[in-house]
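A look at the structure
Below are the chains, spelled out letter by letter.
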Amino acid sequence: METSTQESTATHLKVAIPLPVTGTFTYSVPDDLKERAVVGTRVLVPFGRRKLTGFVVGHEDAPADEAPGGRSISVKDIIEVLDVDPVLSPTMIDLTRWIADYYLAPWGEVLRSALPPGINMESRRFVRLTDDGRDRLAAGASDITERRRKMLEVASGRDKVSVALVTREAGVPRGHHTDVDALVRAGLLELFEEIRPPRAEGGRESVVKLLCSRPEARAHAEAIAKKAPKQADALTILAEAKDGVTPVAELTEKGVSSATIARLVEKQIVDREERDKPRLSVGFEGWALAEEGDVTPEQGRALELIRGKIDGGAFGVVLLHGVTGSGKTRVYSEAVEAAIATGRGAIVLVPEIALTPQMVQRMKKSFGDRVAVVHSGLSLGERYDTWRAIKEGMFQVVVGPRSAVFAPVKDLGIIVVDEEHEQTYKQSESPRYHARDVATMRAKLEGAIVVLGTATPSMESYLNARDGKYDLVELPERIDAGPLPEVKIVDMRENFPVDTEGAFSAALRDAIAETLADGRQVILFLNRRGFASFVQCTSCGYAARCEHCNVSLTYHSTDSTMRCHYCGLSLKAPDACPECEGVNLRYGAPGTQRVEKAVHELFPEATVERMDQDTTTRHGSHWKILKAFADGKTDILLGTQMIAKGLDFPGVGLVGVVAADVGLNLPDFRSGERTFQLLTQVAGRTGRGADRGRVIVQSYLPEHYTIMLAQDQHFTPFFEREIAEREGLGLGYPPFTRLVGITVKGRDESQVIKAAGLLADFLERGAGKMEDPRPEVLGPAPAPLERIKGVFRWQLLVRGKGGSARALVAAALEQKAALKIPTAVSFAVDVDPLDLL
């Protein structure tokens, strides 16, 4: 890949815009901005009717005066350069270009994802009623169209209203401005523009800075101690501060008044100034971690391989496959230490924000204040300041979920991807990249190594290791040769629930009671939040469904509401059936709220915490729940998949899987793989102390091979069974083929169906022109979730060997205009999709 350069004498820039548009755009550079407009900087540019932040990705000579067909080309000037120094390194530009090409995503959107949110500027267009418009509306506005009269009504009584809101409220299709322009020309609306400043910047604080050396300040303090003791105290405090700089707020806390500071300023001993206030994220205060013993022989062999690669300075990928509790985190920290010893930095990726506190604590124990944490739970200011501090070299180790793969770590030497199999590493919205694969490409560009760690590797990674593309290192035993927990499968077809909520078999109830009596803790896992998955009338069969989405509403008992987990619709739960007025309402499969109710009824003396999306919305809520459990203040931790992996609590004696079959029968070829991974991972949360743990798995399909193999917690037999099944299915499924999913979306169902058909025909014709083995086009068909938030969804799936499927879809995207797809219909392209719902 050609490396980007920052120096050029060209007079024009190639700028990527963070919008769903393909390609880059050419802008000219005014003479006074030429020195600053270098590759990697952000620029404010005119774009259509707006002004947006763009990213300079290259220089070019002046374009031709005419485009093909004789159209004249008008090249606009950039308005401003927004950065003193480039915010994007040449490597980051090359990496984002690869992401855009591979995942068929707009380059500008990828670049935006690589930077902290809230730092870009853009303009917004507003309108307000003129006096003539107000008079016309008061008179009834009968001489203008109903749509335009509605626009005047929306603007009425407001100082300003955005053009987007005016057009949306009037029912104007997005992007159509004819009506607004007509009202402006008629003098009924005034159109104006405002530049929205960056939201993440602006944290400022007052500081006091010594104008002399620290020894001189101490000497002066001694000299004035009797005549001006308050000034002397202030100088003493300032002399102890790093670089002689102290925030005014800190001085105030220590008893230094503004008047004292003012007198020292008058004497020209100190100066008072404003500076950016650092809002750095270094993680939560942790909890005590178990002392680690000597490195085991298996860990030693893994580290010998990894250190050799780090010392050699060459790119490589190591798959660290170790059973739960085998000490993979110890290998991570030792590997990071090896990279730091060579003067290089590290990124440690974790799949869930819930895992971040414990991983940060482990890294901070080893590397102190050289560790930063980044995740979406931080404020915009924290994310921006932490990103800037990383870029300036303040931190050598960065820990965080998916987006941390873009952290601007200097001289990157290693990227660790913990629980590499996790689905959360795949971005669900554009750009739909997979952080594991992006980490691999970034390491390749930077001459670093990647360590992929897991007890349950993805099919793709394990096949790559088996075929020699990755180095494979095994940790087959737990630390100190501790046994894996005992797993018991309970057939729920023969063991009916013993509680009123239908959650617990006698075996699981008794196991919880025994574990609590022994003074141990319990983890209960159910990958379904809410109280019940649906509400149904047993008299007429009515089931409450979302009016915007093709899904059942989930009952939540905390506020007696029925909610859609896709669009957020919330309705008060009925006392009687809305259809037949019957009062016999049945609540479907239990969710975490209902299981929590059952736990309180069965074990009223136990302290219980529930950890799911409903209980972890506030900043720091994940940490508070896990901290209480780590400190032994919680007896039973109940939760969804966010508690199923990576957490290490020696006090856990029992894991109960309330419903192992959730997700097993979804229309997705990966459902078995995901179920095996979840069951194996959650089972691994127990038996990490001196005693062997127990696992109770409740299932209505105990004979399913996924459930049976998860009982033994042996990955290799499962891999052999699963990989054989995938290879034998026609063209095969990943990892033997590549998939590209296309979701056609729009509010008009007929337009969506027509567009999906046109696209399918184009893809079929294109596939017919390709060499064997030709990619296969599956669909179109309604998506399993056919409607979400009022938007209809149809799917196509393109399957092919190598890069053939991606090449076919890329050609279709380039010809989208020729397909004459309605503007109200959009495509969502997902290369290597993990979710087919």
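Residues numbered from 1 in each chain as written. Predicted model: local features only at pLDDT ≥ 70, side-chain atom pairs only at ≥ 80, totals over all residues. Heavy atoms only, no water.

**Section: the overall build of the chain**
Per the secondary structure count, the chain includes 24 helices and 33 strands. The burial tally for the chain puts 51% of its 837 residues in the buried class. Counting only contacts in the chain whose residues sit at least 6 apart along the sequence, the fraction spanning at least 24 positions is 75%. Total accessible area on the chain is roughly 37800 Å²; 48% of this is exposed by carbon and sulfur atoms. (Helix = DSSP H or I, 4+ residues; strand = E, 2+ residues; numbered from the N terminus. Buried < 20%, exposed > 50% of the residue type's maximum accessible area, 1.4 Å probe, protein only. Contact = heavy atoms within 4.5 Å. Areas by Shrake-Rupley, 256 points an atom, 1.4 Å probe, with all protein chains shown as cover.)

**Observations regarding the packing of helix α20 (residues 671-683) against helix α21 (residues 705-712)**
The contact between α20 and α21 brings their axes to 9 Å, and the two run at 30°. As summarised for this structure, α20 and α21 are arranged roughly parallel, according to the angle between their axes. Seen along the crossing, α20 lies across α21 with a hand that is right-handed. Contacts from Gly672, Thr675, Phe676, Leu679 and Thr680 of α20 reach α21 at Thr706, Ile707, Leu709 and Ala710. (Axes fitted to C-alpha atoms, helices over the stretch in contact; angles between N-to-C directions. Parallel < 35°, antiparallel > 145°, perpendicular 65-115°, else oblique. Left-handed = near helix turned anticlockwise from the far one by under 90°.)

**A few points about the sheet that holds strand β20 (residues 521-525)**
The strand order across the open sheet built from six strands is β19-β29-β28-β20-β27-β26, with neighbouring strands paired in parallel fashion. Looking at strand neighbours, the two that pair on one side only are β19 (486-491) and β26 (608-611), the edges of this open sheet. This sheet shows a mean twist of 15° between the axes of neighbouring strands, independent of strand direction. One ladder, built from four bridges, connects β20 with strand β27 (residues 636-639); its direction is parallel. (Pairing = 2+ DSSP bridges.)

**Describing the sheet that holds strand β31 (residues 776-788)**
The strand order β31-β32-β30-β33 describes an open sheet built from four strands, whose pairing is antiparallel. Two strands bound the open sheet, and with one partner strand each, they are β31 and β33 (826-831). Averaged over neighbouring strand pairs, the angle between their axes works out to 20° when direction is ignored. As defined by bridge partners, β31 adjoins strand β32 (residues 791-800) across seven bridges and the pair is classed as antiparallel.

**Here's the deal with the side chain of His59**
Within the secondary structure layout, His59 lies in strand β4 (residues 50-60). A polar side-chain atom of His59 sits 3.3 Å from the main-chain carbonyl oxygen of Ala37. (Polar contact = N/O pair within 3.5 Å; in protein donor to acceptor, adjacent residues only side chain to side chain.)

**Quick notes on helix α4 (residues 146-155)**
Within the span of α4, buried status applies to Met151, Leu152, Val154 and Ala155. Across the axial projection of α4, the buried residues extend over an arc of 160°, all falling on one side. The secondary structure elements touched by the buried residues of α4 are β6 (122-129), α3 (131-138), β7 (161-162), α5 (163-169), α6 (178-185) and β8 (189-196). At the C-terminal side of α4, Gly157 shows a positive phi close to 80°. (Arc of directions from axis to C-beta.)

**What about the environment of Thr592?**
Its location among the elements puts Thr592 in helix α18 (residues 592-602). Accessibility expressed as a relative area gives 0% for Thr592, which makes it buried. Measuring from C-alpha to C-alpha, the distance between Thr592 and Arg610 comes to 7.4 Å, with 18 residues separating the pair along the chain.

**As for unusual backbone geometry**
The omega angle of the peptide bond from Ser430 to Pro431 is 0°, so this bond is cis rather than trans. Looking at the element boundaries, Pro431 is found in the loop between β16 (412-418) and α15 (435-446). Each neighbour pair has its own omega, and for Pro734 with Pro735 the value is 15°, a cis peptide bond. Within the secondary structure, Pro735 is located in the loop between α22 (715-727) and β30 (738-746). The phi torsion at Gln268 lies on the positive side, around 60°, for a residue other than glycine. Looking at the secondary structure, you find Gln268 in the loop between α10 (258-266) and β11 (270-276). Classification of Gln268 as exposed rests on a relative accessible area of 64%. Positive phi, close to 55°, is recorded for Asp832, a residue that is not glycine. Secondary-structure assignment places Asp832 in the segment after β33.

**Describing the side chain of Thr260**
Turning to its location among the elements, Thr260 is positioned in helix α10. When residues no more than four places from it in sequence are discounted, the contact partners of Thr260 are Lys230, Gln231 and Ala234.

**Observations concerning α6**
For α6, the full list of buried residues reads Asp179, Val180, Asp181, Ala182 and Leu183. If you follow the buried residues of α6, they end up packed against β6, α4, α5 and β8. Gly187, located one to two residues past α6, shows a positive phi value of around 80°.

**Quick look at the nonpolar core**
Ranked by size, the top nonpolar core spans 131 residues in total, and within it Ile78 and Leu349 carry the most contacts. Top element by residues in this core is helix α23 (residues 749-768). It accounts for eight residues. Beyond its immediate chain neighbours, meaning those up to four positions away, Ile78 contacts Leu13, Tyr27, Ser28, Val29, Pro30, Leu33, Ala37, Val43, Leu44 and Val45. The next biggest cluster of nonpolar side chains, apart from the first, holds 30 residues, and it includes Ile310, Ala339, Ile414 and Val416. (Core = buried A, V, L, I, M, F, W, Y, C linked by side-chain atoms within 4.5 Å.)

**Some details on the pairing of strand β13 (residues 345-349)**
Regular strands place their side chains on alternate faces of the sheet. Burial runs high along β13: five of the five residues are buried. Residues Gly345, Ile347 and Leu349 line one face of β13 and the alternating positions Ala346 and Val348 line the opposite face, and both faces are buried. Pairing of β13 with β16, which is carried by five bridges, proceeds in the parallel orientation. Bridging from a neighbouring strand, Ala346 pairs with Ile414 of β16. Sheet topology places β13 next to strand β15 (residues 397-400); four bridges connect them, and they run parallel. Among the inter-strand pairings, Val348 is bridged to a residue of β15, identified as Val399.

**Digging into the packing of aromatic side chains**
Per the stated rule, a full pass over the model turns up 15 aromatic pairs. Each ring, one from Phe676 and one from Phe715, has its centre 6.4 Å from the other, and the planes form 50°; the classification is tilted. With a gap of 39 residues between them, Phe676 in helix α20 and Phe715 in helix α22 connect regions that are remote in the sequence. Residue class for Phe676 comes out buried when judged on its relative accessible area of 1%. By way of ring pairs, the aromatic residues Tyr462, Phe676, Tyr705, Phe715, Phe718 and Phe719 are connected into one cluster. Sitting above the plane of the Tyr705 ring, Arg721 keeps its charged end 4.0 Å from the centroid. (Phe/Tyr/Trp six-rings, centres within 6.5 Å; stacked < 30°, edge-to-face > 60°. Lys NZ or Arg CZ within 6 Å of the ring centre and 35° of its normal.)

**Thoughts on the pattern of salt bridges**
Evaluation of the coordinates by the stated rule reveals 41 salt bridges. Through salt bridges that share partners, Glu146, Arg149 and Glu153 make up one connected network. (Salt bridge = Lys/Arg side-chain N within 4 Å of Asp/Glu carboxyl O.)

**Considerations on the packing of helix α16 (residues 459-466) against α22**
Where α16 contacts α22, the axes come no closer than 11 Å and their chain directions differ by 100°. The orientation of α16 with respect to α22, classified from their angle, is roughly perpendicular. Seen from α16, the contacting residues are Met459, Tyr462, Leu463 and Arg466; seen from α22, they are Phe715, Thr716, Phe718, Phe719, Glu720, Glu722, Ile723 and Arg726. Split by residue class, the contact of α16 with α22 holds seven nonpolar, one polar and four charged. (Nonpolar A, V, L, I, M, F, W, Y, C, P; charged D, E, K, R; others polar.)

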